[in-house]
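The chain contents come next:
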Amino acid sequence: MLKREFQEIYGKINLLMKKALENSAHPYRTFSLASLDKEMPKLRTVVLREFSFENSFLDCHSDIRSPKVIEFKKNNKFSALFYSSEEKIQLRFNGKVEIFHNNSITKKRWKFITPSSKRCYMGPFSPSDHLEEYHSNIPENFKFENPSKKESDRGYENFVVIRCHFDELDYLKLKYSGHLRCKLLFENENINGVWLAP
């Protein structure tokens, strides 16, 4: 059981993440996700789609053709960074990724994606492909209109959920009187906390 001195921090983080899922303008709604390509770390901004402290995971969406999906398949370790300038709280999650493609999880998630967003998975090019000239990577016939349900099924073929199973969380609260930093460790159903020097 988590010691009382860490329970308030745990509760604060949980509340912030819930607010991020409810409010698209929340600073934690987008975060930096790092993968490893051979020996070079790769970083990008993604959108938080789901979070669970109880099951120790956070989700984002991607295109199966994306380099990050390929990188995670080779090395499933990840690091995720959240920061709120309002709260002055930084969160760093570390753990391992699981990729969901064309299964019950992706089917359920796909139903709640807007038609406009579904266009992003229908691109003729793989994300990060080199192009001879600019292209939005949205099919020409859907640049100014949304696809029908049947038409968007083509996009579902490329849709994946990236589930980041975290086993540690580094928490940092910036304060004039002295910064506050600790690490929460997740082992099976147990959560332990340890103080760290800021």
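These remarks concern the structure in this document. (Residues numbered from 1 in each chain as written. Predicted model: local features only at pLDDT ≥ 70, side-chain atom pairs only at ≥ 80, totals over all residues. Heavy atoms only, no water.)

The buried fraction of strand 7 (residues 159-173) is high, at 11 of 15 residues. Sheet topology note: the strand 4 (residues 57-63)/strand 7 ladder contains seven bridges and is antiparallel. If you follow H61 over to strand 7, its bridge partner there is V161. Pairing of strand 6 (residues 89-101) with strand 7, which is carried by 13 bridges, proceeds in the antiparallel orientation. Its bridge partner lying in strand 7, N94 is registered against E168. Bridge count between strand 7 and strand 8 (residues 180-187): six bridges; the pairing is antiparallel. (Buried < 20%, exposed > 50% of the residue type's maximum accessible area, 1.4 Å probe, protein only. Helix = DSSP H or I, 4+ residues; strand = E, 2+ residues; numbered from the N terminus. Pairing = 2+ DSSP bridges.)

Time to look at the environment of F186. Note on placement: F186 falls in strand 8. F186 gets classed as buried once you look at its relative accessible area, which sits at 7%. In sequence terms F186 and E54 are 132 residues apart; their C-alpha atoms lie 10.0 Å from each other. In this structure F186 touches F53, S56, F166, D167, E168, L169 and I191, once residues within four positions along its chain are discounted. (Contact = heavy atoms within 4.5 Å.)

For the structure on display, the rule yields 10 salt bridges. Where E87 meets K12, a salt bridge forms, and the shortest distance between an N and an O atom there is 3.2 Å. In this pair, E87 sits in the loop between strand 5 (77-84) and strand 6 while K12 sits in helix 1 (residues 4-22), placing the two residues 75 residues apart along the sequence. A salt bridge links K143 to E140; the nearest nitrogen and oxygen atoms lie 3.6 Å apart. Here E140 falls in the exposed class, since its relative accessible area comes to 53%. In the salt-bridge network here, residues are joined through shared partners; they are D59, R109 and R163. (Salt bridge = Lys/Arg side-chain N within 4 Å of Asp/Glu carboxyl O.)

So, on to the nonpolar core. The nonpolar side chains of a soluble globular protein tend to be buried, and buried together. The biggest cluster of nonpolar side chains holds 35 residues, and the ones touching the most others in it are F82, L91 and F93. Put simply, the parts of the chain that give this core at least two residues each are helix 1, strand 1 (30-37), strand 4, helix 2 (67-74), strand 5, strand 6, strand 7 and strand 8. With residues near it in sequence (within four places) discarded, F82 still touches M17, Y28, T30, F31, L48, L58, I89, Q90, L91 and F93. Of all hydrophobic cores here, the second largest spans seven residues; its members include F100, I113, Y156 and V161. (Core = buried A, V, L, I, M, F, W, Y, C linked by side-chain atoms within 4.5 Å.)

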